[in-house]
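An overview of the molecular structure
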Amino acid sequence: MTANQTHTADETAILRVLGGVYDAWDAHDADAFVADYTEDASAILPGSYRASREEIRQSMQAGFSSYLKGSTTTNKVRDIRFLNADAAVVVSETNVVFPGETEGAAERASIATWVLTRREGRWLLAAYQNSPATI
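Scope of this entry: the structure provided in the associated data block. What you see is a predicted model, and the numbers here were worked out from it, not measured in a lab. (Residues numbered from 1 in each chain as written. Predicted model: local features only at pLDDT ≥ 70, side-chain atom pairs only at ≥ 80, totals over all residues. Heavy atoms only, no water.)

**Topic: the packing of aromatic side chains**
Threshold: Between 30 and 60 degrees the pair is tilted, below 30 it is stacked and above 60 it is edge-to-face, where a pair is any two Phe, Tyr or Trp rings, Trp via its six-membered ring, whose centres lie within 6.5 Å. Each helix corresponds to a stretch of at least 4 residues labelled H or I by DSSP, and each strand to a stretch of at least 2 residues labelled E; elements are numbered beginning at the N terminus. Working definition: with a 1.4 Å probe on protein chains only, accessible area under 20% of the residue-type maximum means buried, over 50% means exposed, and in between means partly exposed.
Scanning all chains against the criterion turns up 7 aromatic pairs. Where W25 meets F64, the ring centres are 5.7 Å apart and the plane angle is 80°; that geometry is what we call edge-to-face. Of this pair, W25 sits in helix α1 (residues 3–27) while F64 sits in helix α3 (residues 53–65), placing them 39 residues apart in sequence. Take W25: its relative accessible area is 12%, and that puts it in the buried class. Aromatic side chains W114 and Y128 sit 4.5 Å apart centroid to centroid with 65° between the ring planes, which places their arrangement in the edge-to-face category. On the criterion of sequence distance, the pair formed by W114 in strand β5 (residues 110–119) and Y128 in strand β6 (residues 122–132) is long-range, its members being 14 residues apart. The class of W114 is buried, set by a relative accessible area of 4%. Since its relative accessible area comes to 12%, Y128 is described here as buried. Members of the aromatic cluster, connected to one another through ring pairs, are W25, F33, Y37 and F64.

Written as structure tokens, this is what we have:
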């Protein structure tokens, strides 16, 4: 396998991990949402910090049961950058679409950074951070 084929396979695997997160959101399944997170994963969102996979799961479960109920997301991967053979950073654009909307409101748009690590041959999410997007 050439270096380009390796990156292609790794990029595909990383996109599959992110796709699983997006699909879990659409299904409002907090357990599936964190299935590909490391146990010590962290998530930073404006005004909040979650320091473990379990904290992230609990937060998503609470959201899916209340203010995120019925929501979906729009997502666009902008960049995948490999730091080494077992670490990658992904930058994406995302937005939450609530019931009755056809697209997310501009003021809810965000730019996200995902940090992934390969452990025992499997890509996992180690950290997530998002910030409001400016127009």
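**Topic: the sheet that holds strand β1 (residues 37–45)**
What counts, and what does not: Paired strands, as defined in this entry, are two strands with at least two bridges between them according to DSSP. The convention used is that axes are lines fitted to C-alpha atoms, helices contributing only their stretch in contact, and that angles between N-to-C directions extend from 0 to 180 degrees. Any two residues whose heavy atoms approach within 4.5 Å at even a single point are treated as in contact.
In spatial order, the strands read β2-β1-β6-β5-β4-β3; together these 6 strands make up an open sheet with mixed pairing. Both outer strands of the open sheet, β2 (48–50) and β3 (72–84), are each paired with one neighbouring strand and no more. This sheet shows a mean twist of 15° between the axes of neighbouring strands, independent of strand direction. Two elements, β1 and β2, share 3 bridges in a ladder whose sense is antiparallel. By the bridge assignment, L45 is partnered in β2 with S48. Here α3 sits on the sheet in contact with β1 and β2, set at roughly 55° to β1.

**Overview of unusual backbone geometry**
A positive phi angle is found at H28, which is not glycine, with a value near 55°. Even without being glycine, E120 reaches a positive phi, approximately 50°. Summarising the element assignment, E120 is placed in the loop between β5 and β6. Since its relative accessible area comes to 85%, E120 is described here as exposed.

**Regarding the nonpolar core**
Keep this limit in mind: Residue types Ala, Val, Leu, Ile, Met, Phe, Trp, Tyr and Cys, when buried and joined through side-chain atoms within 4.5 Å, form a set referred to as a nonpolar core.
Core analysis: the largest hydrophobic core is formed by 29 residues, its most contacted members being F33, Y37 and W114. Among the elements of the structure, α1, α2 (30–33), β1, α3, β3, β4 (87–97), β5 and β6 are those that each provide at least two residues to this core.

**Let's talk about the side chain of S92**
This is how it is decided: Polar contacts, as counted here, are pairs of nitrogen or oxygen atoms within 3.5 Å of one another; within protein the pair requires one atom able to donate a hydrogen and one able to accept it, and residues that are adjacent in sequence qualify only if both atoms are side-chain atoms.
Mapped onto the fold, S92 is located in strand β4. Classification of S92 as buried rests on a relative accessible area of 1%. Only 2.9 Å separates the side chain of S92 from the side chain of W114, close enough to count as a polar contact.

**Quick notes on the pairing of β4**
Extensive coverage of β4 is indicated by the burial of 9 of its 11 residues. Here β3 runs beside β4; their pairing, made up of 11 bridges, is antiparallel. Bridge pairing in β4 links N75 to T94. Connecting β3 to the next strand, β4, in antiparallel fashion are 2 residues. As judged from the 8 bridges shared by β4 and β5, these two strands associate in the antiparallel manner. Note that in β5 the partner of A88 across the bridge is L116.

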